[in-house]
Amino acid sequence: MTAAVARSTAHSIVDASPRIKAFAGALVILYALITILPLLWIVATAFKSQSDAIAYPPKVIFEPTLEGYVNLFTVRTRQTPDFIAKLPPPETWYDKLVRKHDMVIAGPSKVVPRFVNSLIIGFGSTFLAVFLGTLAAYAFSRFRIPLADDLLFFILSTRMMPPVAVAIPIYLMYRQLNLTDTRLGMILLYTAVNVSLAVWLLKGFIDEIPREYEEAALVDGYTRLQALRKVVLPQAVTGIAATAIFCLIFSWNEYAFAVLLTSGEAQTMPPFIPFIIGEGGQDWPAVAAATTLFVVPIVMFTVLLRKHLLRGITFGAMRK
Amino acid sequence: MAQIRIEYLRKSFDQFTAVEGSTFTIDDGTFFALLGPSGCGKTTTLRMIAGLELPTEGKILLDGEDVTFHRAAARDIAFVFQLFALYPHMNVGQNIGFPLKCQGMARHEIRERVQETARMLRIEHLLSSKTAKLSGGDRQRVALGRAMVRRPKAFLMDEPLGALDAEFRHLMCGELRDLHDRIKATTVYVTHDQLEAMSMADQIAIMNKGRVEQIGTPQEVYDRPACMFVADFIGSPSMNFLHFEGGLRSGDRAINFHDTRLAVPEIREDRASAALALGVRPEHIRFADAGSVRGEVFGAEYLGTTQIVTIDTAYGRVAARLPSSASVRIGETVGLEFNSDRLSLFDAGSGLAIRTAREEGMRHG
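Here the structure is a predicted model, which means the values were calculated and not measured.

**As for the overall build of chain A**
Point 1. A tally of helices and strands in chain A yields 15 helices and four strands.
Point 2. Principal axes of the C-alpha set define a box for chain A whose edges measure 85 × 70 × 40 Å.
Point 3. Out of the 320 residues belonging to chain A, those deemed buried represent 32%.
Point 4. Considering only contacts within chain A whose residues lie at least 6 apart along the sequence, 77% involve residues at least 24 apart.

**Points about the domain arrangement of chain B**
All names here are of chain B.
Point 1. The domain architecture assigned to chain B consists of domain 1 (4-223) and domain 2 (228-364).
Point 2. Just the C-alpha atoms count here: the centres of domain 1 and domain 2 sit 37 Å apart.
Point 3. On the domain 2 side, the residues contacting the 10 residues of domain 1 number eight residues.
Point 4. Breaking the side of domain 1 that touches domain 2 down by element, the ones donating at least two residues are β9 (203-208), β10 (211-216) and α7 (218-223).
Point 5. Per element, the largest residue contribution to the side of domain 1 that touches domain 2 is four residues, and it comes from β10.
Point 6. Counted by class, the side of domain 1 that touches domain 2 contains four nonpolar, four polar and two charged residues.

**Looking at the environment of T182(A)**
All names here are of chain A.
Point 1. The topology assignment puts T182 in the loop between α9 (167-176) and α10 (183-207).
Point 2. The exposure class assigned to T182 is partly exposed, which follows from the 17 C-beta atoms found within 10 Å.
Point 3. As a C-alpha pair, T182 and L261 span 79 residues in sequence and 8.5 Å in three-dimensional space.
Point 4. Each residue touching T182, except ones within four places of it in the same chain, is listed here: E265 and A266.

**Section: helix α2 (residues 18-45) of chain A**
Residues and elements named next belong to chain A.
Point 1. The first and last C-alpha atoms of α2 sit 39 Å apart over 28 residues, in line with the 40 Å expected at 1.5 Å per residue.
Point 2. The largest bend along α2 measures about 40 degrees and falls at I36, with the proline P38 one to four residues further on.
Point 3. By the criterion of burial, α2 is predominantly exposed, with just two of the 28 residues buried.

**A word on the sheet that holds strand β15 (residues 285-287) of chain B**
Residue and element names in this part refer to chain B.
Point 1. Reading across from one edge, β15-β19-β16-β17-β18 is the order of the five strands in this open sheet, with antiparallel pairing throughout. For this open sheet the edge positions go to β15 and β18 (316-323), each flanked by a neighbour on one side alone. Looking at each pair of strands side by side, their axes are set apart by 45 degrees on average, direction ignored.
Point 2. Taken together, the eight bridges between strand β17 (residues 306-313) and β18 define a ladder with antiparallel strand orientation. If you follow T313 over to β18, its bridge partner there is G316.

**Some words on the pairing of strand β16 (residues 293-302) of chain B**
All names here are of chain B.
Point 1. Pairing of β16 with strand β19 (residues 333-338) involves four bridges; the strand directions are antiparallel. The residue bridging E296 from the neighbouring strand is T333, located in β19.
Point 2. As defined by bridge partners, β16 adjoins β17 across seven bridges and the pair is classed as antiparallel. Considered in β17, the bridge of E301 is made with I308.
Point 3. Between β16 and β17, which follow one another and run antiparallel, lie three residues, and G304 among them has a positive phi close to 100 degrees.

**What about unusual backbone geometry?**
Point 1. The omega angle of the peptide bond from Y56(A) to P57(A) is -5 degrees, so this bond is cis rather than trans.
Point 2. Structurally, the position occupied by P57(A) is in the loop between α3 (50-53) and α4 (67-73).
Point 3. With an omega of -5 degrees, the peptide bond running from S236(B) to P237(B) counts as cis.
Point 4. Mapped onto the elements, P237(B) comes out in the loop between α8 (228-233) and β11 (240-248).
Point 5. In this structure, D14(B) is a non-glycine residue whose phi angle is positive, near 50 degrees.
Point 6. Note on placement: D14(B) falls in the loop between β1 (4-13) and β2 (16-26).
Point 7. You can call D14(B) exposed: it has 6 C-beta atoms within 10 Å.
Point 8. Even without a glycine there, the phi angle at E159(B) is positive, about 45 degrees.
Point 9. With respect to the helices and strands, the residue E159(B) is situated in the loop between β7 (154-158) and α5 (166-183).

**Some remarks on the packing of helix α7 (residues 111-142) of chain A against α10(A)**
Residue and element names in this part refer to chain A.
Point 1. The N-to-C vectors of α7 and α10 enclose an angle of 40 degrees; their axes lie 6 Å apart at closest approach. Between α7 and α10 the crossing geometry is right-handed.
Point 2. Looking at the contact of α7 with α10 residue by residue, the classes come out as 18 nonpolar, eight polar and three charged.

**Overview of helix α12 (residues 224-253) of chain A**
Point 1. The first and last C-alpha atoms of α12(A) sit only 37 Å apart over 30 residues, clearly below the 44 Å expected at 1.5 Å per residue.
Point 2. The largest bend along α12(A) measures about 60 degrees and falls at V237(A).

**So, the sheet that holds strand β5 (residues 65-66) of chain B**
Sheets are built from strands paired through backbone hydrogen bonds, the pairs being either parallel or antiparallel.
All names here are of chain B.
Point 1. The four strands are arranged β2-β1-β4-β5 in an open sheet whose pairing can be described as antiparallel. Looking at strand neighbours, the two that pair on one side only are β2 and β5, the edges of this open sheet.
Point 2. Two elements, β1 and strand β4 (residues 57-62), share five bridges in a ladder whose sense is antiparallel. Directly across from R5, in β4, lies its bridge partner L61.
Point 3. Contacting β1, β2 and β4, helix α1 (residues 42-50) runs over the sheet at an angle of about 115 degrees to β1.

**Observations concerning the confidence of the model for chain B**
Residues and elements named next belong to chain B.
Point 1. Chain-level pLDDT for chain B is 89 on average; 98% of the residues reach the 70-or-more range.
Point 2. Of all the helices and strands in chain B, α5 carries the lowest mean pLDDT, 85, while strand β3 (residues 31-35) carries the highest, 95.
Point 3. Interface confidence for the predicted complex, expressed as ipTM, amounts to 0.77; the pTM equals 0.76.

**Some words on the nonpolar core**
Point 1. In this structure, F79(B), L156(B) and V188(B) are the most contacted members of the largest nonpolar core, which totals 135 residues.
Point 2. Among the elements that line this core, the one with the most residues is α12(A), at 13 residues.
Point 3. Counting only domains with at least three residues in this core, you end up with domain 1 (4-223) and domain 2 (228-364) of chain B.
Point 4. For F79(B), the residues in contact, after removing those within four places along its chain, are A216(A), V219(A), A50(B), A147(B) and L156(B).
Point 5. Grouped together as the second largest cluster of nonpolar side chains are 18 residues, A44(A), V111(A), I276(A) and A286(A) included.

**Observations regarding the confidence of the model for chain A**
All names here are of chain A.
Point 1. When the pLDDT values of chain A are averaged, the result is 87; 91% of them are 70 or greater.
Point 2. Per-residue pLDDT, averaged within each element of chain A, yields its smallest value for helix α1 (residues 2-10) (46) and its largest for α7 (95).
Point 3. Within the model, the stretch residues 1-10 combines pLDDT values under 50 with two contacts to residues more than four positions away or in other chains.
Point 4. Under a pLDDT of 50 for its full length, residues 316-320 has, in the predicted model, eight contacts with residues more than four places off or in other chains.

**As for the environment of A50(B)**
Point 1. Its location among the elements puts A50(B) in helix α1.
Point 2. By the C-beta count within 10 Å, which is 21 here, A50(B) ends up buried.
Point 3. The residues touching A50(B), leaving out its near neighbours within four places in the chain, are V219(A), A72(B), I77(B), F79(B) and L156(B).

Criteria and cut-off values
- Residues numbered from 1 in each chain as written.
- Chains lettered and ligands numbered in written order.
- Predicted model: local features only at pLDDT ≥ 70, side-chain atom pairs only at ≥ 80, totals over all residues.
- Helix = DSSP H or I, 4+ residues; strand = E, 2+ residues; numbered from the N terminus.
- Buried ≥ 20, exposed ≤ 12 C-beta atoms within 10 Å, placed from the backbone.
- Contact = placed C-beta atoms within 7 Å.
- Domains from an automatic or database assignment.
- Nonpolar A, V, L, I, M, F, W, Y, C, P; charged D, E, K, R; others polar.
- Expected span 1.5 Å × (residues − 1).
- Bend = angle between axes of the 7 residues up to and from the residue.
- Pairing = 2+ DSSP bridges.
- Axes fitted to C-alpha atoms, helices over the stretch in contact; angles between N-to-C directions.
- Left-handed = near helix turned anticlockwise from the far one by under 90°.
- pLDDT = per-residue confidence, 0-100.
- Core = buried A, V, L, I, M, F, W, Y, C linked by C-beta atoms within 7 Å.

What follows is the structure in structure tokens.
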């Protein structure tokens, strides 16, 4: 009897044979290679010289240099060799690197403020969208709200066209309100776009948390808000993490509005990167360096939240 | 501990009325069961007492104080949920201590109270375990502990044993009742299981479609049901109803049941001829060759000490509880005799019981 059971489980679809497992493993590795390769190429390009970066056939093995990063962070001017010869010896390694190309560093580039803009606008709008989304989702999930279904549909309908479709009205509005090229303006814009996604995703998660938990807390002495903070939120962490990642990825990568609405003060990384101009064309190593740095925060954020993410994406699907 | 008084309590959700103007008092220290089929309004009533739901009309008084619109937390009552609602991110000790933490009690005091409560429930060894790893019964004990630790005025329990398996439910019934006897707290217990209500409660309120149909001790509601709904709901198998037409006169000790005379408890009210029903509990039926009601045996369920025999009569199918030693053959024609002083009479139209000598001292809801 037990032998029969054992045999039947051995043939179940759950338990794959070693060969199938090896095949599956190989597929996963292949897929990983395909997805990671462009990223690796960018990371490598950042360490190439300008000529190596555009060499044909492409160079896989090359002499690494930090020129790309130096060019990214500095503004340089070309000088005559005589002028450079007359200068005092270079003080730092990057001065030296630049002078090899008959140039001197004129000052820092704008990459740091642009990066700071991206961080503030990206995380700021993510926080706001998740914050507002959580409150709204909780209310929709727990209270009897008149016209709740219509309101939810209205919230969802803001996602029914690409946000850029309303770029011109928004541009005109922002000009009236003096919000163009401000961090506040960009945070508000990205929050508005993300909040509908946040409400819908989080409502699904909060619906799945039994009401009894907070009711128990209400009876035991908490106010509604305390119950939300101390009882509901800890259980919604998964959903909040998943939602936050989706929101951050959107506002971090957003390009169209950023091009249209920011040019100086509040410019984020996406519109900045393509315009890193080198001498006689794109400075590809500098672009690659900027891209590498640009990817780092989002990778870190996702890795930090990844243990919540898997559960968050597979569970808590929307349901009515 | 406290007395709970409900006055004309009504609750409607949009078009639907969940609870309809019930009024009753739960005395201090009583184990009070709210019993009824699902959707009868018992849970809504309990949630209104707890403050988790606001009534549309009516009043709730705790020890004479009107708490109808007080916040749940301000009522000093504890609620035990069917799904236990133990916080998954806390261990057992933290769960039990949670209500005290909400009140801002000092940490060492919380620890003492939690220990004491755990001792009472015999779950001291579990205090640092995760709730997810506990068995159903232990979860239930933790949920009870969380309710007890605050020493509230009253306990409200919403089908607390509903999630346990049958065998364990029986054990927990005993434990709950024992606990109640020790701490003597006013307890309102919602259940749809008549066995739980009958075995634990001092008083049972039977609800149907938002109304309280009858309130009484388990014995009262079983022996002297106020209406056909209660008679039918309490008891398993439920009471047999034999329909007939006739008039009643106060003082009569027998009725004209179709073609025969049947002895009944002394009737205490006059009735013009109307559709009536004779209520007979299965255990008050005997086989007797001379019995005036005759029928054919349809089937028999063997239950160990007794058997339930169903008989097709001219007035409908009747269930009788007979000793398992009685020999019963399916298809045979038998005569039935009723235990005349245990019969009930109902007005088949309104469903209300007709007053007889048996019903004295009964309370209508």
